[in-house]
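One-letter residues, chain by chain:
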Amino acid sequence: MKLRRLGIVTALTAGAAAGSLALAPLATAVVPSTATIGFDCGSYGSGTATLTATQNGTAATISVSTSAITAPIPIGANSVRSTLTLTKNGSGTTTFTGNANPAIPSGGAVSTGPLNGTVAAGDSLEAASLNVVVFGISATCTATTPQNPGPFVF
C-alpha cells in the first residue's frame, strides 16, 4: 500500500513539475546576436565596431567594441558614458545608454556596454551613431556601413 501511495505522489509531483515547465515564460532571442558596422568618429578616428545584443523580455542590452576610438590614456572601469542610437523599424530611432566598460589601457580600443534599452517583439534595430564621453570629452561616431549580417530583430 505504501509503494502504491508513493507511486501516486511521485506521479502527481512529476505532473506538477511538467505543468510548471509548460507555464514557464519562453526565452526570447535576438537575431543575429552579433553584428559588425563601420564607424567614422571624425578627428578621433574611424574603424569597425562589433555589436553584441541580448534580450530578456522587453529589456535588451548591446555591447560595443570598436577600433574606431582608442584611449589616449588609461581609462578606469565604468567611466565611459555611452549612447548608441539605432534606427528602429526603418524609420524611427531608439537609444541604448550606459556607463559600463572594462578598464582600457592607453592605446587600447574602447569597449562599452552593456548599454541598456527597451524593445518590443519584432523590433528591427540598426546602429546609426555612437556617442562616447570620456573625461568630459565627447566623441560622436556615425555609421558608415550597414550592420552586417543585418539589423537586430528582437
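Everything numeric here is computed off the predicted structure, so don't read it as measured data. (Residues numbered from 1 in each chain as written. Predicted model: local features only at pLDDT ≥ 70, side-chain atom pairs only at ≥ 80, totals over all residues. Heavy atoms only, no water.)

A.B. asks: Quick question: what am I supposed to make of the pairing of strand 3 (residues 59-70) here?
C.D. replies: In regular strands, side chains alternate between the two faces of the sheet. Both strand 2 (residues 46-56) and strand 3 contribute to a ladder of eight bridges, which runs antiparallel. Its bridge partner being in strand 3, Gln55 is matched across the sheet by Ala60. Following strand 2, the chain reverses through two residues before pairing antiparallel with strand 3; Gly57 in that reversal takes a positive phi of roughly 70 degrees. Both strand 3 and strand 6 (residues 109-118) contribute to a ladder of eight bridges, which runs antiparallel. (Pairing = 2+ DSSP bridges. Helix = DSSP H or I, 4+ residues; strand = E, 2+ residues; numbered from the N terminus.)

A.B. asks: Help me understand the confidence of the model for the protein chain in this model?
C.D. replies: Confidence along the protein chain averages 85 in pLDDT terms, with 82% of residues attaining 70 or more. Averaged pLDDT values for the elements of the protein chain fall to 41 in helix 1 (residues 2-23) and rise to 98 in strand 9 (residues 152-153). (pLDDT = per-residue confidence, 0-100.)

A.B. asks: What is the right way to look at the environment of Ser46 in this model?
C.D. replies: Within the secondary structure, Ser46 is located in strand 2. Linking Ser46 and Thr144, residues 98 residues apart in sequence, is a C-alpha distance of 9.3 Å. If we ignore the near neighbours within four places in the chain, the residues touching Ser46 are Phe39, Asp40, Cys41, Ser67 and Ala68. (Contact = heavy atoms within 4.5 Å.)

A.B. asks: Which parts of the structure should I look at to understand the side chain of Asn101?
C.D. replies: Structurally, the position occupied by Asn101 is in the loop between strand 5 (92-98) and strand 6. A distance of 3.1 Å separates a polar side-chain atom of Asn101 from the backbone oxygen of Gly76. At 2.9 Å, the side chain of Asn101 forms a polar contact with the backbone nitrogen of Val80. Beyond its immediate stretch of four places on either side in the chain, Asn101 contacts Ile75, Gly76, Ala77, Asn78, Ser79, Val80, Ser111, Thr112 and Gly113. (Polar contact = N/O pair within 3.5 Å; in protein donor to acceptor, adjacent residues only side chain to side chain.)

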